[in-house]
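Below are the chains, spelled out letter by letter.
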Amino acid sequence: MTFGSETASLLRHRQFLLFWLARTSTTVALQMQAVAVSWQMYELTRDPFDLGLVGLTQFVPAALLVLVAGHAADRYDRRTIVRGCQFLAGLAVALLAAGTAHDWLSRNAILSIVFVIGAARAFEATTLQTLLPAIVPQPLFPRAMAASSSATQLAVIAGPAVGGVIYAFSPVLVYALCCTLFVAAGLLVGLLRIERAVPAREPVTFAVLFAGFDYLRRNRIVLGALSLDLFAVILGGATALLPVFAYDVFNSGPEGLGLMRAAPGIGALLTAVIMTRWPPVRRIGRITFGAVALFGLATIVFAVSRSFELSIAALAVLGAADMVSVVIRQTLVQLETPDAMRGRVSAVNSLFVQASNQLGEFRAGLLASLIGTIPTVLIGGIGTLLVVAVGRKVFSELYRVDSFGTGRA
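Residues numbered from 1 in each chain as written. Predicted model: local features only at pLDDT ≥ 70, side-chain atom pairs only at ≥ 80, totals over all residues. Heavy atoms only, no water.

1. With respect to the environment of Val93
When you line up the elements, Val93 lands in helix α4 (residues 78-101). A C-alpha to C-alpha distance of 7.4 Å links Val93 and Ala176, two positions 83 residues apart in sequence. (Helix = DSSP H or I, 4+ residues; strand = E, 2+ residues; numbered from the N terminus.)

Here's what the structure looks like:
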């Protein structure tokens, strides 16, 4: 395989392009679905606690299935797993469309369907991460990871914005488009050609299932990167409460919610484009801690802002900071892990990511129902800064990392 040093060179490569398009389609569908479900739930119950339940309901299957998902990714055809999960998610979203069209979609029905999507994501998110190292060579992996992450951010921008506008006209159409995108992503993944010898299927034991956790326990650098992101987003995540800001603070409707959900993606996309051309090569650890600190500061600004424009800008900065952390974390996880157990380690990584997002949403919804939305977001931003301070001491190995592949300075 021949790869140029620019993003265009990567996108001209058919296998990477298929992967990039599949990831973009999946993420657009997830983002559009998230906007529709959150707005529909808040319109139905007007209770921020139920918005938190949406996040918790997606996390539960991820926590229950993480070990099985990682083991499956290491023992079976990874493309088949991803494709099946994307088709299942498409079917679940089709149920949301049918329930909305025929007016039988209740609070519990939404949560049940979201649970199924969360179960599909438990396998799909874990396995999809393991495909990229088989497509690009290791020296170009940080750049490819940034380019791949740009696909996510394009989706994070387009999905909520388009989903919010379309929802204002027809919620059913939003879900129908999501279903189409999930199916398209599954078809694209099926076209990937990856040369990989599936290892012998060793007996399923606790040692095999927990190998990913054991690996992280021994690798303090990767564990630090995952833990820093986990606790920062659990405390500082405000995504679940955006419908409250759109509905009650800014009176902006579903279109405003779509713009707010898209704003972090705009900042993240610009950062991903920059990192694709100029990936971080020195002071990796310090950059990681600085990015998480900026995430916390942007969250505080968003909490105290009463200007819609300033809030959008704060969310964009928040997304940019998160992208830096994501690219470094994902690169560390994939390059530091042997392929034979990459699925199990990626499963733990996916669990950390989903725990941070979904548990963060539940934490935000629960706390907002008790003390109010704005104090909840403000406390979260302050908590993120405390996580950075504590993490600097607990995971000093991560702070001292100078470049990928060298560990410490």
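2. Observations regarding the packing of helix α2 (residues 14-45) against helix α5 (residues 107-129)
At a minimum axis separation of 12 Å, α2 and α5 run at an interaxial angle of 160°. The angle between α2 and α5 falls in the class roughly antiparallel. By crossing handedness, the relation of α2 to α5 is classed as left-handed. Within the contact between the two elements, α2 uses Phe19, Arg23, Thr26, Leu30, Gln33, Val37, Gln40, Met41, Leu44 and Thr45 and α5 uses Arg107, Ile110, Leu111, Val114, Ile117, Arg121, Glu124 and Leu128. In terms of residue class, the contact of α2 with α5 is built from 10 nonpolar, four polar and four charged. (Axes fitted to C-alpha atoms, helices over the stretch in contact; angles between N-to-C directions. Parallel < 35°, antiparallel > 145°, perpendicular 65-115°, else oblique. Left-handed = near helix turned anticlockwise from the far one by under 90°. Contact = heavy atoms within 4.5 Å. Nonpolar A, V, L, I, M, F, W, Y, C, P; charged D, E, K, R; others polar.)

3. Examining the packing of aromatic side chains
Counted by the stated rule, this structure contains two aromatic pairs. Ring plane angle 45° and centroid distance 4.7 Å describe the contact between Phe245 and Phe302, whose orientation is recorded as tilted. One end of the pair, Phe245, is in helix α11 (residues 242-249); the other, Phe302, is in helix α13 (residues 284-304), with 57 residues separating them in the sequence. For Phe245, a relative accessible area of 1% gives the class buried. Classification of Phe302 by relative accessible area gives buried; the value is 1%. When the centroid spacing of 5.4 Å and the interplanar angle of 80° are considered together, the rings of Phe250 and Phe308 count as edge-to-face. Taken together, the positions of Phe250 in the loop between α11 and α12 (253-277) and Phe308 in helix α14 (residues 308-335) put the pair 58 residues apart, joining distant regions of the chain. (Phe/Tyr/Trp six-rings, centres within 6.5 Å; stacked < 30°, edge-to-face > 60°. Buried < 20%, exposed > 50% of the residue type's maximum accessible area, 1.4 Å probe, protein only.)

4. A few points about a positive patch on the surface
There is a patch of like positive charges on the surface, built from Arg283, Arg286, Arg392, Lys393 and Arg400. Within the secondary structure, Lys393 is located in helix α16 (residues 373-394). Note on Lys393: relative accessible area 66%, which makes it exposed. (Patch = residues over 30% accessible without salt bridge, like charges linked within 9 Å, V, L, I, M, F, W, Y side chains within 5 Å. Areas by Shrake-Rupley, 256 points an atom, 1.4 Å probe, with all protein chains shown as cover. Salt bridge = Lys/Arg side-chain N within 4 Å of Asp/Glu carboxyl O. Lys, Arg positive; Asp, Glu negative; His and termini not counted. Charge placed at Lys NZ, Arg CZ, Asp CG, Glu CD.)

5. Some points on the pattern of salt bridges
Taken as a whole and judged by the stated rule, the model has three salt bridges. Notably, a salt bridge pairs Asp50 with Arg107, separated by 2.9 Å at the nearest N-O pair. Placement of Asp50 in helix α3 (residues 48-75) and of Arg107 in helix α5 is noted, with a sequence separation of 57 residues between them. Since its relative accessible area comes to 29%, Arg107 is described here as partly exposed. Close ionic contact of Glu124 with Arg121 constitutes a salt bridge, the shortest N to O distance being 2.4 Å.

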